[in-house]
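Observations on the model geometry
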Amino acid sequence: SIAESAGGGRSEEDRPSAESAEAAGEACGQAIVLYDFKLSSSTDDDASKYLSLRTNDVVTILKRNRAGWWLGLFKGQIGWFPARYCVEIEGEAGETPMAV
């Protein structure tokens, strides 16, 4: 799966980790999920580092990394998700996006 292969060929700094999830600060935006995402890993430890998301979920972005993964907050859970599976909502924090 995409999530399972995300770490291949990347440095430790680019890989999502539980430590960086715990160190997450304030929100830096929101994103709407375009595609369902669920880690297909068999280990509970790996699964706890990632969010499971469905199309049209709105995630609060806490951090972005260079590897194309965003750390997000969704329904009280903090975890990583692929940036290419969503689109960032434009506008000020707390604003509802307007239809064009």
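Residues numbered from 1 in each chain as written. Predicted model: local features only at pLDDT ≥ 70, side-chain atom pairs only at ≥ 80, totals over all residues. Heavy atoms only, no water.

Let's shift gears to the sheet that holds strand β4 (residues 77–82). Across the sheet, five strands lie side by side as β4-β3-β2-β1-β5; this open sheet has antiparallel pairing. Since the sheet does not close on itself, it has two edges, and those belong to β4 and β5 (86–88), each with one partner. Within this sheet the neighbouring strands show an average axis-to-axis angle of 40 degrees, counted without direction. Two elements, strand β2 (residues 58–64) and strand β3 (residues 69–74), share four bridges in a ladder whose sense is antiparallel. Paired with Ile61 across the strands is Gly72, a residue of β3. (Pairing = 2+ DSSP bridges. Helix = DSSP H or I, 4+ residues; strand = E, 2+ residues; numbered from the N terminus. Axes fitted to C-alpha atoms, helices over the stretch in contact; angles between N-to-C directions.)

Attention now goes to a nonpolar patch on the surface. Taken together, the side chains of Leu34, Tyr35 and Val87 define a hydrophobic patch exposed on the protein surface, amounting to about 280 Å² of accessible area. With respect to the helices and strands, the residue Tyr35 is situated in the loop between β1 (29–33) and α3 (44–47). (Patch = residues over 30% accessible without salt bridge, like charges linked within 9 Å, V, L, I, M, F, W, Y side chains within 5 Å. Areas by Shrake-Rupley, 256 points an atom, 1.4 Å probe, with all protein chains shown as cover. Salt bridge = Lys/Arg side-chain N within 4 Å of Asp/Glu carboxyl O.)

Excluding glycine, a negative phi dihedral is what most residues carry, and trans is how most peptide bonds are arranged. In this structure, Asn56 takes a positive phi of about 80 degrees despite not being glycine. Note that Asn56 resides in the loop between α3 and β2. Overall, Asn56 belongs to the exposed group, its relative accessible area being 59%. We note that Lys75 has phi near 50 degrees; this positive angle belongs to a residue other than glycine. Assignment of secondary structure puts Lys75 in the loop between β3 and β4. (Buried < 20%, exposed > 50% of the residue type's maximum accessible area, 1.4 Å probe, protein only.)

Residues Leu53, Val59, Trp70 and Phe81 are the most contacted members of the largest nonpolar core, which totals 20 residues. Of all elements in the fold, only β1, β2, β3 and β4 reach the threshold of two or more residues within this core. Sorting elements by how many residues they give to this core places β3 first, with four residues. Those residues in contact with Trp70 that lie beyond four places of it in its chain are Ala31, Ile61, Lys63, Arg64, Gly79, Trp80, Phe81, Ala83, Cys86 and Glu88. (Core = buried A, V, L, I, M, F, W, Y, C linked by side-chain atoms within 4.5 Å. Contact = heavy atoms within 4.5 Å.)

The full count for this structure, using the stated rule, is two salt bridges. Its salt-bridge partner being Arg54, residue Asp36 comes within 3.9 Å of it at the nearest N-O pair. Taken together, the positions of Asp36 in the loop between β1 and α3 and Arg54 in the loop between α3 and β2 put the pair 18 residues apart, joining distant regions of the chain. Using a relative accessible area of 41% as the deciding quantity, one classes Asp36 as partly exposed. For Glu88, the salt bridge is made with Arg64, and the minimal N-O distance between the two is 2.5 Å. Pair noted here: Glu88 is in strand β5 and Arg64 is in strand β2, with a separation of 24 residues, a long-range link. Look at Glu88 and you get partly exposed, because its relative accessible area is 29%. Given the relative accessible area of 35%, Arg64 is considered partly exposed.

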